[in-house]
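Notes for the structure review
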Amino acid sequence: GWVCDGRDFTGGCRSGQTDFHQTSVYTVTFRCQSSAIDLCEQCAYDPMLGRVTDSSVEADLEALAEPSMCKLAVTRLRNQWRRNWPATLPKYFAGGLLDVLVHALQKSTESTQRPEEERLVMQSRQQSGAETQKRQVRRALLQLTAELTHRLLCIGPGGDVNANDLVWALCPDPDGLGSSRTEDHWDEGRVLQLPRLDSAIVSTAGATSRPSSAAVAASAVPLAVSSSALPLGAGDAAVGAATIAGGEPGGMRASTSGNGFLISWRDGQAPSRVHPQNVWKMTADEDVMIATTNLFLEVSKGETSDVSKVSTYLQQGADLMATNGEGSAILLAAVRAGVSVDVITVLLESGAYPDAAGRDGVTPLQHIVHLQNGAAKAAASGTTVDTSNAARLSQCIDLLQEHGAVLPDEPTPEKRLAQLREMFGVKMVSSLLTLQSPLALPVEVLDVLYLLFRELPLSVIKQALEPQSFRALTALFQHFVGGTDNLSIAMVGCRIMRAIYSQLDPTLRYLVLSHGALRWAHRLASTKDVAQCGLYRQPHHEKVTPEELSREANALLKDLLCTSAKGDAGDMQAVASTSPISSEGRQEVSQSNDEWRANARLVEVGEALQAIRESETPESMTAAKEALLVFRELLKRTEKGNLADERCTAFELEQSNLLGDLLRFLKYHTDLLGTTEPGHGTRQPQVNPERWDIFREAFSEQTKQGRKGIGRLMKALHAVVETGEAFPVWRHRKERGLKALTEHIQLKLRHVVGGSDGLELNAPWLPQVMRSQVVVMVEPVVQIGLLSRFLFRVTPIADERYLVFCHRLVGAAVRERASG
């Protein structure tokens, strides 16, 4: 059987085909020879096939929300956006794409297993069919989210090439010289790794800066000739300046393009990186791919391109809908290269899509109109203009419009892209942060969050950080500095903190510093054993090396050191070296630990608790009581507050030693106890009952606020232990760290009938049915004597003789009887 390719177009197959089992060899097939697309009868006679309408948008979004159709819907959306995403995305956004996408992500991530546990189960082939489908749907949705982010932010490759895809690419010469184009050859390969996004937020070494709004607007929709307009290899020098984060695998030869697709070749040649412009997805056999790349080479010549050769390559089956790794189709590349009108005519008459947009969202018609407007402005200013070129541009505009190209009226491409970015940023930052617990967020989600924090304007980020998402962000920061699962999470954590810190906003910068990012980055950058930084799980499939994590931590550390003490963007050039942290840098790290004093309320609480140790007066006791209430309110705002509220993080509590001051406040001072009693000179101080009553007014089970306060205080204690922990503590459970010493554990008690010395012990005072149900929650370091007294106090007595004796005592008179 076969399947109608209309399932991959917007709206799906008109006869409802989704799989191969729905047809047979006897089903009527309509085949397009130029594109090799097979259609059913209803799709072949539907003139609206492939066009975005309200009904097709609704059908695609319904399929996206259905788990069984989600992967197919993702394919439809990606195919449609590859053609002209600036024109189609607004329609999908208006139809509720973001809400459907977020809901589908939430459904696909509902799991009680951690990500690494899911991978282990998947490797052991023990997953059920439903779990396998959920995992595949989640992967497709995450790919769709990442592609949306790349397109709207105009970063990364813009084509339809993914990891593990077969591609037709320009293989460098075996000697690795790359000096002559003739030494390179086109060959088939498989994508091992996508181009790495430049993680550097700095344009010069050590200088952290944000581009101006004018620069962002200018780079949002670049209408000038981009690298796609250059002949193959001409853009290599520009891209070669971008460094690749991390080293190449062993035995790998560096590519002349610096950063591109990492491709393994079928002839056994060592893997190499290839510029995205020279990579094409294998959509047909080798002959078609040869014709497609030859056509692209020919039109890239610009005015010198030969019309006869273009026609020859089209007759050989060149795919006009194919796009390279940059997302540039043949027609767009020809327009940007400045080919003649005859070449554009041949391409359009052969079936080239006139509105195929590139990665930046610019269509061929928009590009030519921009050039025409630039020429008109130059002529108005008195500059000499080539009249023949102006006539060529006018002819190209008429030709494109005759073949259906549409020039949008309002808003302008820049404004439309800015609107889409704002809608996407506000929705996705909030939704991705609250998608799961910070402990379970996949690294793909964190990568998207990093790009959003790095590229979105400050106003959009602040709008997205509404109370719930802001609390999720603070929990994510605590997860980073308290100990993450693996190196990948830690490296993305460094990038997210660096991106937020680069926004030049005092509130966001203080948010990063108040979580101990400076000390955490210093640990990652200086230690040789990452387990000493809380990275307690390092699975065998880890893709990030400790060296890569150390470089990323160094970059974060230098950004923080440049501005943590100065706070002025103009002084960010202070640290320009990429060498390891010097002794002066370590001194700055230690000095920066006093930045918690910027939290005025926390300082007031600490001073009030310290003052009562010097002189215990009614005024100091009242001040201490008010300080404890303020501390309870700080803990509440930390858990439920927003970006503008005062709060206290675990790192600030640790550095201020407030918990130690609170412990000393509750106990008698050693000097007050005296040493008159023999043997009691070194005993531990006892609890001061008067101060304990003050503490219980703020933190106790007596009131609703007190109960919530004591719970938040326990969470803060655990967070302080996690943040200050610099060495691994293992136990039998999968959790780790010193936190295990304070978490309650469950004890199942077993009744002992006989002793080891042969003496029979009394039977417990419990009915037989209850003897296997005695369970008690205790702290890991509880004393056995305390446990025994607790059990004697709460264990019921079921002996009939003792109960009869107690009943006889009820109402009886107790008389004193003389002895003897």
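Residues numbered from 1 in each chain as written. Predicted model: local features only at pLDDT ≥ 70, side-chain atom pairs only at ≥ 80, totals over all residues. Heavy atoms only, no water.

**Regarding the overall build of the chain**
Scanning the chain from terminus to terminus reveals 32 helices and 11 strands. Taking all 820 residues of the chain together, the buried fraction comes to 46%. For the chain, restricting intrachain contacts to residue pairs at least 6 apart in sequence, the fraction spanning at least 24 positions comes to 72%. Total accessible area on the chain is roughly 41,100 Å²; 53% of this is exposed by carbon and sulfur atoms. (Helix = DSSP H or I, 4+ residues; strand = E, 2+ residues; numbered from the N terminus. Buried < 20%, exposed > 50% of the residue type's maximum accessible area, 1.4 Å probe, protein only. Contact = heavy atoms within 4.5 Å. Areas by Shrake-Rupley, 256 points an atom, 1.4 Å probe, with all protein chains shown as cover.)

**Some thoughts on the packing of aromatic side chains**
All told, the structure shown has 6 aromatic pairs when counted by the stated rule. Each ring, one from Trp 280 and one from Phe 296, has its centre 5.0 Å from the other, and the planes form 70°; the classification is edge-to-face. Of this pair, Trp 280 sits in strand E9 (residues 279–281) while Phe 296 is found in helix H9 (residues 286–299), placing the two residues 16 residues apart along the sequence. Exposure class is identical for Trp 280 and Phe 296. Each is buried. Feature note: the residues Phe 631, Trp 692, Phe 695 and Phe 699 constitute an aromatic cluster, connected by ring pairs. The ring of Tyr 501 has Arg 509 lying over it, and the distance from NZ or CZ to the ring centre is 4.5 Å. (Phe/Tyr/Trp six-rings, centres within 6.5 Å; stacked < 30°, edge-to-face > 60°. Lys NZ or Arg CZ within 6 Å of the ring centre and 35° of its normal.)

**A look at empty space enclosed by the protein**
Under the defined criterion, the tally for this structure stands at 10 cavities of 30 Å³ or more. Forming the walls of the largest cavity are 13 residues, and the residues nearest its centre are Leu 320, Met 321, Thr 323, Ala 329 and Ala 356. Mapped onto the lining of the largest cavity, the elements with two or more residues apiece are helix H3 (70–94) and helix H11 (330–337). Looking at side-chain class alone, the lining of the largest cavity contains 9 nonpolar, 2 polar and 2 charged residues. (1 Å grid on protein atoms, 1.4 Å probe; cavity = no way out; pocket = protein on both sides within 12 Å on 5 of 7 lines; lining within 4 Å. Points joined across faces, edges and corners; volume = space filled by probe spheres on them. Nonpolar A, V, L, I, M, F, W, Y, C, P; charged D, E, K, R; others polar.)

**Digging into the packing of helix H12 (residues 341–349) against helix H14 (residues 387–402)**
One way to put it is that H12 packs onto H14 with a least axis distance of 10 Å and a crossing angle of 10°. Taken together, the axes of H12 and H14 are roughly parallel relative to one another. Contacts between H12 and H14 involve Val 341, Ile 344, Thr 345 and Leu 348 on the former and, on the latter, Arg 392, Gln 395, Cys 396, Leu 399 and Leu 400. Each residue belonging to the contact of H12 with H14 can be placed in one class, and the counts come to 6 nonpolar, 2 polar and 1 charged. (Axes fitted to C-alpha atoms, helices over the stretch in contact; angles between N-to-C directions. Parallel < 35°, antiparallel > 145°, perpendicular 65-115°, else oblique.)

**Side note on the pattern of salt bridges**
Enumeration over the complete set of coordinates arrives at 26 salt bridges. As a salt-bridge pair, Asp 559 and Arg 498 come within 2.6 Å of each other at their nearest N and O atoms. With a gap of 61 residues between them, Asp 559 in helix H22 (residues 546–563) and Arg 498 in helix H19 (residues 487–501) connect regions that are remote in the sequence. Each member of the pair, Asp 559 as well as Arg 498, carries the same accessibility label: buried. A salt bridge links Glu 639 to Arg 712, with the shortest nitrogen-to-oxygen separation between them at 3.3 Å. (Salt bridge = Lys/Arg side-chain N within 4 Å of Asp/Glu carboxyl O.)

**Points about a positive patch on the surface**
A cluster of basic residues, Lys 636, Lys 640, Lys 704, Arg 707 and Lys 708, forms a positive patch at the surface. Counting only elements with at least two residues in the positive patch, the list comes to helix H25 (618–640) and helix H30 (704–724). Among the elements that make up the positive patch, the one with the highest residue count is H30 (3 residues). Along the chain, Lys 636 falls in helix H25. (Patch = residues over 30% accessible without salt bridge, like charges linked within 9 Å, V, L, I, M, F, W, Y side chains within 5 Å. Lys, Arg positive; Asp, Glu negative; His and termini not counted. Charge placed at Lys NZ, Arg CZ, Asp CG, Glu CD.)

**Quick look at unusual backbone geometry**
Unusually for a residue other than glycine, Leu 504 sits at a positive phi of about 60°. Relative to the assigned elements, Leu 504 resides in the loop between H19 and helix H20 (506–514). Its identity is not glycine, yet Asn 657 carries a phi of approximately 60°, on the positive side. For Asn 657, the position within the fold is in the loop between helix H26 (650–656) and helix H27 (658–666).

**Considering H27**
For H27, the tally of buried residues reaches 7 of 9 residues, placing the bulk of the element in the interior. Buried residues of H27: Leu 658, Leu 659, Gly 660, Asp 661, Leu 662, Phe 665 and Leu 666, and no others. Its buried side turned inward, H27 meets helix H24 (600–614), H25, H26, helix H29 (689–698) and H30.

**Considerations on the confidence of the model for the chain**
Chain-level statistics for the chain give a pLDDT mean of 76 and a share of 74% at 70 or above. Here residues 199–257 is modelled with pLDDT under 50, and outside its nearest four sequence neighbours on either side it reaches 127 contacts, counting other chains as well. Contacts for the low-pLDDT stretch residues 670–682, under 50 throughout, to residues beyond four places or in other chains number 5 contacts. (pLDDT = per-residue confidence, 0-100.)

**Topic: the packing of helix H18 (residues 467–482) against H30**
One way to put it is that H18 packs onto H30 with a least axis distance of 7 Å and a crossing angle of 45°. By the angle between their axes, H18 is oblique relative to H30. Where H18 abuts H30, its residues Gln 478, Val 481 and Gly 482 lie against Ala 719, Glu 722 and Thr 723.

**Notes on the pairing of strand E11 (residues 775–778)**
Only one face of E11 is buried: it carries Val 776 and Val 778, and the other face, with Val 775 and Met 777, is open. In terms of strand pairing, strand E10 (residues 745–748) meets E11 through 4 bridges, oriented antiparallel. For Leu 747, the partnering residue across the bridge sits in E11 and is Val 776. (Pairing = 2+ DSSP bridges.)

**Some points on the pairing of strand E7 (residues 261–265)**
Judged by how many residues are buried, E7 sits mostly within the fold: 4 of 5 residues are covered. Note that strand E4 (residues 185–193) and E7 share 4 bridges and pair antiparallel. Each bridged residue has a counterpart across the sheet, and for Gly 189 the counterpart in E7 is Trp 265. When E7 meets strand E8 (residues 272–274), the two strands line up antiparallel, connected through 3 bridges. Note that in E8 the partner of Phe 261 across the bridge is Val 274.

**Some words on the sheet that holds E9**
The strand order across the open sheet formed by 5 strands is E8-E7-E4-E3-E9, and the pairing between neighbours is antiparallel. The open sheet is flanked by E8 and E9, the only strands paired with a single partner. Averaged over all neighbouring strand pairs, the angle between strand axes comes to 50°, with direction disregarded. Contacting strand E3 (166–171), E4 and E9, H9 crosses the sheet at an angle of about 140° to E9.

**Considerations on a nonpolar patch on the surface**
A contiguous nonpolar patch, built from Tyr 802, Leu 803, Phe 805 and Leu 809 and spanning about 390 Å² of accessible area, is present on the exposed surface. Summarising the element assignment, Tyr 802 is placed in helix H32 (residues 800–809).

**Thoughts on the side chain of Thr 10**
Structurally, Thr 10 can be placed in the segment before strand E1 (30–32). The class for Thr 10 is buried, based on a relative accessible area of 0%. Only 3.3 Å separates the side chain of Thr 10 from the side chain of Ser 56, close enough to count as a polar contact. In this view, Thr 10 contacts Gly 50, Arg 51, Val 52, Ser 56, Asp 60, Gln 80 and Tyr 92; residues no more than four positions away in its chain are not counted. (Polar contact = N/O pair within 3.5 Å; in protein donor to acceptor, adjacent residues only side chain to side chain.)

**Quick look at the nonpolar core**
Among the nonpolar cores identified, the biggest contains 92 residues, and Leu 64, Leu 97, Phe 453 and Ile 496 are the most heavily contacted of them. Per element, the largest residue contribution to this core is 11 residues, and it comes from H19. Excluding anything up to four places from it in sequence, Leu 64 contacts Cys 70, Ala 73, Val 74, Leu 77, Leu 97, Val 100, Leu 101, Ala 104, Leu 141 and Leu 144. Formed by 38 residues, the second largest nonpolar core is a distinct cluster that contains Trp 168, Ala 334, Ala 352 and Leu 399. (Core = buried A, V, L, I, M, F, W, Y, C linked by side-chain atoms within 4.5 Å.)

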